[in-house]
Amino acid sequence: GACLPWCWTTMPTHLRKHRKKRGHRTVGYGRVGQHRKHPAGRGNAGGQHHHRIMMDKYHPGYFGKVGMRYFHKTKAQFFCPTINLDKLWTLVPEEARKQATASNAPVIDCISKGIFKVLGKGQLPEVPVIVKAKYFSKLAEQKIKDAGGECVLSA
């Protein structure tokens with residue numbers, strides 16, 4: 001929807017700041033140094049100058065660069081959705097795990113589900129399973145084999 005102006009909000013008028021201090025000439029800003037518009041600059045102005053202590057104290061590392069630049073980085077090369085072992089069985093129906101035996105191990109095809117790499121967090125049930133993926137971490141491969149399963153690399 002459309003954004004309403006600030007003055008259309010539901011706040012009652014008698015609580016607004018600009019209803020108070022009518023007739024109080026300086027409105028709380030004193031007689032000597034009058035109320036000026038933006039004496040310290042707007043926004044993040046002065047981060048390396050008059051606001052430096054605040055920036056160094058509360059936002060260390062805000063300025064400057066780090067690392068190397070990567071020109072024309074193609075994101076598709078690095079696309080690699082992952083899954084952990086504790087969530088691996090969510091890719092196949094519940095019945096598949098119940099009916100699984102050493103001679104009849106279910107195949108979990110991660111690539112068809114849009115997942116390329118299998119990582120080793122969590123425990124696997126002691127059910128043999130054939131897992132197809134592009135990549136396996138060392139720990140994931142070890143845990144799958146310990147459970148009586150097999151890791152199949154496929155492009």
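Residues numbered from 1 in each chain as written. Predicted model: local features only at pLDDT ≥ 70, side-chain atom pairs only at ≥ 80, totals over all residues. Heavy atoms only, no water.

A.B. asks: Sorry if this is basic, but what is going on with the sheet that holds strand β1 (residues 82-84) here?
C.D. replies: Each strand in a sheet pairs with its neighbour through backbone hydrogen bonds, running either in the same direction (parallel) or in the opposite one (antiparallel). Overall, parallel pairing links the three strands, which are arranged β1-β3-β5 in an open sheet. Two strands in the sheet have a free side with no partner beyond their single neighbour: β1 and β5 (135-136). Two elements, strand β3 (residues 117-119) and β5, share two bridges in a ladder whose sense is parallel. Note on β5: the bridge partner recorded for Lys-117 is Tyr-135. (Pairing = 2+ DSSP bridges. Helix = DSSP H or I, 4+ residues; strand = E, 2+ residues; numbered from the N terminus.)

A.B. asks: What's the story with the sheet that holds strand β4 (residues 130-133) in this structure? I'm lost.
C.D. replies: An order of β2-β4-β6 is seen for the three strands of this open sheet, with the pairing classed as parallel. A strand with exactly one partner marks an edge of an open sheet, and here the two such strands are β2 (107-109) and β6 (150-153). On average, adjacent strands in this sheet sit at an angle of 20° to one another, irrespective of strand direction. (Axes fitted to C-alpha atoms, helices over the stretch in contact; angles between N-to-C directions.)

A.B. asks: Would you mind showing me how to read the environment of His-51 here?
C.D. replies: One can find His-51 in the segment before α1 (52-58). Take His-51: its relative accessible area is 24%, and that puts it in the partly exposed class. Spatially, the C-alpha atom of His-51 lies 50 Å from that of Ala-140, the residues being 89 residues apart in sequence. Excluding its chain neighbours within four sequence positions, the residues that come into contact with His-51 are Ala-40, Ala-45 and Gly-46. (Buried < 20%, exposed > 50% of the residue type's maximum accessible area, 1.4 Å probe, protein only. Contact = heavy atoms within 4.5 Å.)

A.B. asks: Help me out: how do you make sense of the nonpolar core in this one?
C.D. replies: A general trend in soluble globular proteins is that nonpolar side chains are found buried together. Leu-88, Ile-108, Cys-110, Val-118 and Val-131 are the most contacted members of the largest nonpolar core, which totals 21 residues. Those elements giving two or more residues to this core turn out to be β4 and α3 (138-146). Other than its neighbours up to four places away in sequence, Ile-108 contacts Leu-88, Trp-89, Leu-91, Val-92, Val-129, Ile-130, Val-131 and Lys-132. (Core = buried A, V, L, I, M, F, W, Y, C linked by side-chain atoms within 4.5 Å.)

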